[in-house]
Structures are given as structure tokens and as C-alpha cells.
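Read off the chains here:
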Amino acid sequence: MSRKNRHMTEFNPQFRDDDDTDTSSTDIPSLLGQQVAPLKPSAPRPSSEQKPAPAKKPRAAAKTVKTSADFSPLDPFSAAGTAIGPDRLARIVWAFLALGILVRAIRYLLDFPLWPDEAYLAHNFLDRNYLELLKPLDFGQVAPLLYLWIQKAAVTVGGFSEYSLRLFAFAGSIASLFLFRQLATRLLQGLARLLAIGTFAVAYPLVRYAAEAKPYGSDMLVALGLLVLLVEWRLRHREQQRWSWAMALAMPLAVLLSYPAMFIVPTVLLAMGVELIRTGTGREWLSWIAVSLLAAGSLALLFYSSAQAQMNTAGPQMRSGWTASFPPLHSPKALAWFLLDSHSSEAFSYPTGGSHGASTLTTVCCLAALVVLLRARQFWLAMVFGMPLILNFTAAALHAYPYAGHARVMLYMAPILCLMNGLGAAGLLYWFQNRRWPVVAPTVITIAFLVGVGGVASVRDFLKPYKETCWQRNRDFARWFWNDKAINAELVDVTTDLKFPVSLPPNDDGLASVYFCNQRIYSDRLAKRQAADIEHCSTDKPLRCARFRPSATTDKDDAKFQDWLKAMQSKYQLVAAERYPLTFFVHEKELQFVDRVEVYEFVRPPDDVAQRPGRLQ
């Protein structure tokens, strides 16, 4: 075997972390589908430090006919691990985990203002109960049922705020760091493992969606959890049935918690089936069938309980917005360009990147990883890594789900892309070293680059703790308005308190959701769910009625409000009226439209003593 091929498949036990599972033992089944003879008792190692293994009762012959080979995590550049040292590699891994926690905590604690993509969904948690979340969602939103219930529980227990809305995403992002370390430890070794964990820790899409009130972060967590369970199941299902039970429990939860799980769940079931074809017993096949039925039943439950209603109302609008992410099957040339652009765009921004080829480096690393897998004959693992993309592409061809485009819609692929990025980067560094580059220098530069990505992201968040300046201004307005305007006055909203309906344009892209969410957060009275009290409305304590008026309000809508205003003036004296603009910018410069908040101030007429309005419920 050539020196190069030997490095591509070499496994060195000395590079293993002290707290990592020993995967070199022949008692652990193979993850990578290697065919070997049945296991036989082996003599203890000559090392004086190894303790003799306790004696085990021999299994029945019927249970030991089919076995798997030892699992050897991939390490295409073992020379780098030798040069850096196993202890130092382990310390750097833990340093990356600490950095990952830090950058996520910074993003979360900076308390970014809500922007429309978050507010559209968060608006549904203002007044709906759990059963009402089964109905079509406001503002054309779609989200899996279990995610909606978790978010509703968070705002019910912790109060409606930016922190509570993003708590689940943040907690899941922290847990994912340790889950990913477990997965990377099983599949990779040495420098490849280090670079994969480093990429996962600092990748900008993972840091950003660790503090966003949308289900993208939970999509990634579900995919990662299923991959970890798949790996552990293949390692241990023959000795420990609990992994089959864990898989049976995880499948329904995954389907109910994440829509993109429809790409990961079939991949996991297929991978389990491929393994059972080679080594499965009748009992294990029955277990696989049960897991598959549970997944299918959960999918049917989700579809008929809420997903169907959501897609009937929001589907046409969403498909219209996803047009650029559907493959142009009518033209081979356009399809080739689509594939090239999709695989080097924002969806592959690990650890960083962007659109129009800015993520090409990640694409190159993923291609290098594929070469490593195929040369090492790890076809099972290549199937697991590639099948979700094939299923996603099929769904995009059917105009059911976008392919690539933005990172958020493919965040479920982040664990796989980070693993391939680490494996491919290690393979490329080995290739460069094999052409008489120094061993350590390129490795140190790569590690420094990953650290720099995490540092730059945090500095950027400190300098600009908002997505767009207009969202910061809108939140600052809410903080001022719902506090200062309530001083020595009874401040109410005509929609929230007085139940006058606000008329929104179809498929609203305006600021209504941002306005009402900020209202609930920054009005002390509304945050406490207290009813407005206008019983003592007087000259010294006026009644101030706020009305949100979208820019798309029609003359008919204004006429209805004028009728309401006349009815109010029959009981109160209108003494003042004010207007405040709320702006919607894109990329800081492109003004989309201007909504308004109108304030009407009333006092009780001096001669009106008999008619006293009561408490508004």
C-alpha cells in the first residue's frame, strides 16, 4: 500500500482522548460496513498498563454468526496529529467547545430586537391556546406542532419576551455542541475530528440561529440527534436493545418537531435497513418495521392535525417565494448552473461563506471528503451523508421544499456539512503536506482561521446588535411609547384592548407583527395581562388610544375607523391627535414602506357625570 493510501485509512489509538470511548476494540461493531470473520477471543496486549478484560460467557452460535468489524474513525492526516500531539489536540477540541458556548451566549444575551421573520411566528403565541395553534397560523407561517407547543410553553412560563422566544433555540444550540462532539468522536479521528468540531463551534449560521425565534435551530438539533442515535444504534444495538427503543421514541418526536426531518428520517431508516440486510436477525427486522410504522404514523398525525391546514393557507405564497430554489429541470444548462451555484452558496456557509460562490471553499472540502470516503470504501457513511441532499433535491423538483438558497432552510444539513468540512480539510492538508509543505504550519493557520471566524462574528454582534437598524428603532419606539405615554394617562390599543379589528393586507409583509409583539413585551400592563381601566378618565388622567395603521390601509378601512372615532367622541372629548412613523428598510437603504401609529387623546366632558364607562375586559 502506498504511503498516501495508508494515511487515508490509518487509525492510531494513541490519538484518542482520555475520555473518549475506545473504538478500537473488536467488541464494537463496525460503523463503516467492513466484512470480517466472526469475532474470536484475542490475547491481551503486551503492554503492562492494560488490565485483562473480565471473562465473558460465550454466546450461542446462532447469535454470533453475523458480526461487524472494528470501527476505525477516519483520519486522513495522522502526521498532523503526531506533530501536534494527542493531549494538545484534546485541549484544542475543548477550547473550541468553550468558544462555541461563548459566541452563542453573546448572541443570545445581546437581546437582538425582533425582526419580521421572527415576529410573524411569535404573533401566534400572543393570545392563542395550545389547541388554537392547530389552526392555520397568522401571517402565512408554517411550523411543526411540537415546536409550536414548546414555544407556547416557554412564553407562558417565562413571559412573552425576546429571551423566552429564543430560549429553546439557545438551549438546543448548547446541547448540540456536545452531541456533535460525540458524533465526531465516533466517525473521525485526529485533525479531521478537531477541524469538524471547530467548524461546528464557530460556523456563522449555527451561531446566528442559536438566538432566533424560528424552528431552524431545532431542525438542526433533530437531525443531529437522529445521526447520533443512528451511529450508537449501529455500534451497540446487538448488545443493548435500549438503542432500538431510543430510536423508536426519537422518530415520532423528530417528525413532530421538524419539517426537514422528512429528509433525515428516511435516511436513517434506509441506513438501518442496509445494516440489517448484512447482519440483521428476524427480531431486529421486526424492530425496524415498528420504528418505520411509528415514523409514518407520526407523519400522518402531523399532516392531518396541523400541517395540512398550514400549507393550504401559506403554501402558495411560500412556493412563490421559493421559486429560485427549485431546480430548472427544463434546461440541462440551467440545471448545471443551478447545481453549481446551490452548492457554493449560503447553504454551504460552514464555517463562513455567502451567495454567488462565496462558499466555494466549503464545497471543495466536501468534495475532498467524498474522495476520502470512497477511497476508504466507506460507502455506508457516504450514503448517510448524501441521501438527505438527494431527498431534498427530489422535494425541490416537486416544488415541495427549497433546495439550497439560504442557510436557514438547510440548517438540518449542518452536522453533515461540518463533518465533511473537517474530513475534507484534513485530507487537503495531507495532500499539500505530501507535496513537501510543512506539517504543522498549514494546520495552525487553519485552526487560527476558525478561531478568527468565531471572534469576528462576536465582535460584529457587539458592534451591530440588530439585523437592520430599523428593527432597533422600532423596538426603541415601543420601549419609549408604552412607558412614557402611559405616565399620568390610561394608554390603550384600539385593537388589543378595545377589540377594534386592524385590517391587514393579504400575506402581510409589514410591521403589524413587530408592533403587536413589541407592545406585549414593553407595555407593563399588557405584559401582566391586565385589563385597561378607564373609569377615572379625566382632564388630569386622559385616555390615550393607539391605533396601528398599515401603509396598505384602504379608504374603506379608514371609513370604519372614522365611524368608531365618532362613537368615541359621543362619550369623550377628543383633545389631541398624534402620528408616529414606523419604517421598514431592507439592507439599511431600501425603504419598503412606512406604517404609522396614531394616538388619539380623550378626556371626559365636564358636563358628563352620569355616563361613566366601566372597566374594559
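Residues numbered from 1 in each chain as written. Predicted model: local features only at pLDDT ≥ 70, side-chain atom pairs only at ≥ 80, totals over all residues. Heavy atoms only, no water.

Digging into the overall build of the protein
No. 1: Looking only at helices and strands, the protein features 21 helices and four strands.
No. 2: Across the 617 residues of the protein, 54% fall into the buried class.
No. 3: Of the roughly 28,200 Å² that the protein leaves accessible, carbon and sulfur atoms contribute 62%. (Helix = DSSP H or I, 4+ residues; strand = E, 2+ residues; numbered from the N terminus. Buried < 20%, exposed > 50% of the residue type's maximum accessible area, 1.4 Å probe, protein only. Areas by Shrake-Rupley, 256 points an atom, 1.4 Å probe, with all protein chains shown as cover.)

Looking at the pairing of strand β2 (residues 543-549)
No. 1: Here β2 lies mainly inside the structure; seven of its seven residues are buried.
No. 2: With four bridges joining them, strand β1 (residues 490-493) and β2 adopt parallel strand pairing. Bridging from a neighbouring strand, Val492 pairs with Cys545 of β2.
No. 3: The pairing of β2 with strand β4 (residues 590-603) spans seven bridges and is antiparallel. The residue of β4 that forms the bridge with Phe548 is Val597. (Pairing = 2+ DSSP bridges.)

Digging into the pattern of salt bridges
No. 1: Applying the stated criterion to the full structure yields 25 salt bridges.
No. 2: Linking Asp497 and Arg525 is a salt bridge whose minimum nitrogen-to-oxygen distance equals 2.9 Å. Taken together, the residues span a long stretch of sequence, with Asp497 in the loop between β1 and α19 (512-522) and Arg525 in helix α20 (residues 524-527) at a distance of 28 residues. In this pair, the class of Asp497 matches that of Arg525, namely buried. (Salt bridge = Lys/Arg side-chain N within 4 Å of Asp/Glu carboxyl O.)

Concerning a nonpolar patch on the surface
No. 1: Residues Trp94, Ile101 and Phe178 make up a contiguous nonpolar surface patch of roughly 260 Å² in combined accessible area.
No. 2: If you trace the backbone, Phe178 turns up in helix α6 (residues 162-187).
No. 3: On the accessibility criterion, Phe178 (40% relative accessible area) is partly exposed. (Patch = residues over 30% accessible without salt bridge, like charges linked within 9 Å, V, L, I, M, F, W, Y side chains within 5 Å.)

Concerning the side chain of Arg107
No. 1: Note on placement: Arg107 falls in helix α3 (residues 86-109).
No. 2: Looking at Arg107, the relative accessible area reads 7%, which means it is buried.
No. 3: Here Asp461 takes part through its side chain, which lies 2.9 Å from a polar atom of the side chain of Arg107.
No. 4: The residues touching Arg107, leaving out its near neighbours within four places in the chain, are Phe112, Tyr204, Val207, Arg208, Ala211, Arg460 and Asp461. (Polar contact = N/O pair within 3.5 Å; in protein donor to acceptor, adjacent residues only side chain to side chain. Contact = heavy atoms within 4.5 Å.)

Some thoughts on the sheet that holds β4
No. 1: Here four strands make up an open sheet; going across it, the order is β1-β2-β4-β3 and the pairing mixed. The open sheet is flanked by β1 and β3 (573-586), the only strands paired with a single partner. Pairs of neighbouring strands in the sheet enclose a mean axial angle of 20°, with direction left out of account.
No. 2: Contacts from helix α21 (residues 555-569) reach β2, β3 and β4 within the one sheet, and its direction differs from that of β2 by about 175°. (Axes fitted to C-alpha atoms, helices over the stretch in contact; angles between N-to-C directions.)

Focus: the side chain of Arg104
No. 1: In this structure, Arg104 sits in helix α3.
No. 2: With no salt bridge to any partner, buried Arg104 finds its closest opposite charge in Asp461, at an N-O distance of 10 Å.
No. 3: When neighbours within four sequence positions are excluded, Arg104 is seen to be in contact with Phe170, Ser173, Ile174, Leu177, Phe200, Ala201, Leu206, Val207 and Ala210. (Lys, Arg positive; Asp, Glu negative; His and termini not counted.)

Overview of empty space enclosed by the protein
No. 1: In this structure the tally under the stated criterion is six cavities of 30 Å³ or more.
No. 2: Roughly 80 Å³ of volume is contained in the largest cavity. (1 Å grid on protein atoms, 1.4 Å probe; cavity = no way out; pocket = protein on both sides within 12 Å on 5 of 7 lines; lining within 4 Å. Points joined across faces, edges and corners; volume = space filled by probe spheres on them.)

Quick word on the packing of helix α7 (residues 190-202) against helix α17 (residues 440-463)
Helix packing geometry: the angle between the two helix axes and the distance between the axes.
No. 1: Axis separation between α7 and α17 bottoms out at 9 Å; the angle between their running directions is 15°. Classified by the angle between their axes, α7 and α17 sit roughly parallel to one another. Considering how the two elements wind past one another, α7 and α17 form a crossing that is left-handed. Across from Leu191, Leu194, Leu195, Gly198, Thr199 and Val202 in α7, the residues of α17 making contact are Thr443, Thr446, Ile447, Leu450, Val453 and Gly454. (Parallel < 35°, antiparallel > 145°, perpendicular 65-115°, else oblique. Left-handed = near helix turned anticlockwise from the far one by under 90°.)

Quick look at the packing of aromatic side chains
No. 1: A complete count under the given rule lists 33 aromatic pairs for this structure.
No. 2: Here the aromatic rings of Tyr147 and Phe168 are separated by 6.2 Å at their centres, their planes lie at 50°, and the arrangement is tilted. Linking Tyr147 in helix α5 (residues 145-158) with Phe168 in helix α6, this pair joins segments that are 21 residues apart in sequence.
No. 3: Ring centres 5.5 Å apart and planes at 80° place the aromatic pair Trp285 and Trp288 in the edge-to-face group. (Phe/Tyr/Trp six-rings, centres within 6.5 Å; stacked < 30°, edge-to-face > 60°.)

A few points about unusual backbone geometry
No. 1: Residue Pro351 is bonded to the preceding Tyr350 through a cis peptide linkage, with omega at 5°.
No. 2: On the secondary structure map, Pro351 appears in the loop between α13 (332-342) and α14 (360-375).
No. 3: Of note in this structure, Phe139 is not a glycine but carries a positive phi near 60°.
No. 4: With respect to the helices and strands, the residue Phe139 is situated in the loop between α4 (116-122) and α5.
No. 5: With phi around 55°, His356 is a residue other than glycine that occupies positive phi space.

Focus on the environment of Val514
No. 1: On the secondary structure map, Val514 appears in helix α19.
No. 2: Under the relative-accessibility criterion, Val514 is labelled buried at 2%.
No. 3: Excluding residues within four positions of it along the chain, Val514 makes contact with Leu114, Trp115, Pro116 and Ala119.

Thoughts on α19
No. 1: Of all 11 residues in α19, 11 are buried; the element is thus mostly enclosed.
No. 2: Among all positions in α19, only Ala512, Ser513, Val514, Tyr515, Phe516, Cys517, Asn518, Gln519, Arg520, Ile521 and Tyr522 are buried.

Here we look at helix α9 (residues 216-236)
Each turn of an α-helix holds 3.6 residues, which means side chains three or four residues apart point in the same direction.
No. 1: Helix length check: α9, at 21 residues, gives a terminal C-alpha distance of 30 Å against a target of 30 Å (1.5 Å per residue), a fit within 8%.
No. 2: Along α9, 20 of the 21 residues are buried, which leaves the element largely enclosed by surrounding structure. (Expected span 1.5 Å × (residues − 1).)

Focus: the environment of Thr446
No. 1: Assignment of secondary structure puts Thr446 in helix α17.
No. 2: The partly exposed category is assigned to Thr446, whose relative accessible area is 21%.
No. 3: Along the sequence, Thr446 and Ala426 sit 20 residues apart, while their C-alpha atoms lie 9.7 Å from each other.
No. 4: If we skip the residues at most four places from it in the chain, Thr446 touches Leu195 and Leu429.
No. 5: Polar side-chain contacts of Thr446 include one of 2.8 Å to the backbone oxygen of Pro442.

Observations regarding the packing of α6 against α9
No. 1: Direction vectors running N to C along α6 and α9 enclose 30°, while the axes themselves pass 9 Å from each other. The angle between α6 and α9 falls in the class roughly parallel. Relative to α9, α6 is oriented so that their crossing is left-handed. Facing α6, whose interface residues are Phe168, Gly172, Ser176, Leu179, Phe180, Gln182, Leu183, Arg186 and Leu187, α9 presents Ser218, Met220, Leu221, Leu224, Leu227, Val228, Val231, Glu232, Leu235 and Arg236.
No. 2: Taken together, the residues of the contact of α6 with α9 sort by class into 12 nonpolar, four polar and three charged. (Nonpolar A, V, L, I, M, F, W, Y, C, P; charged D, E, K, R; others polar.)

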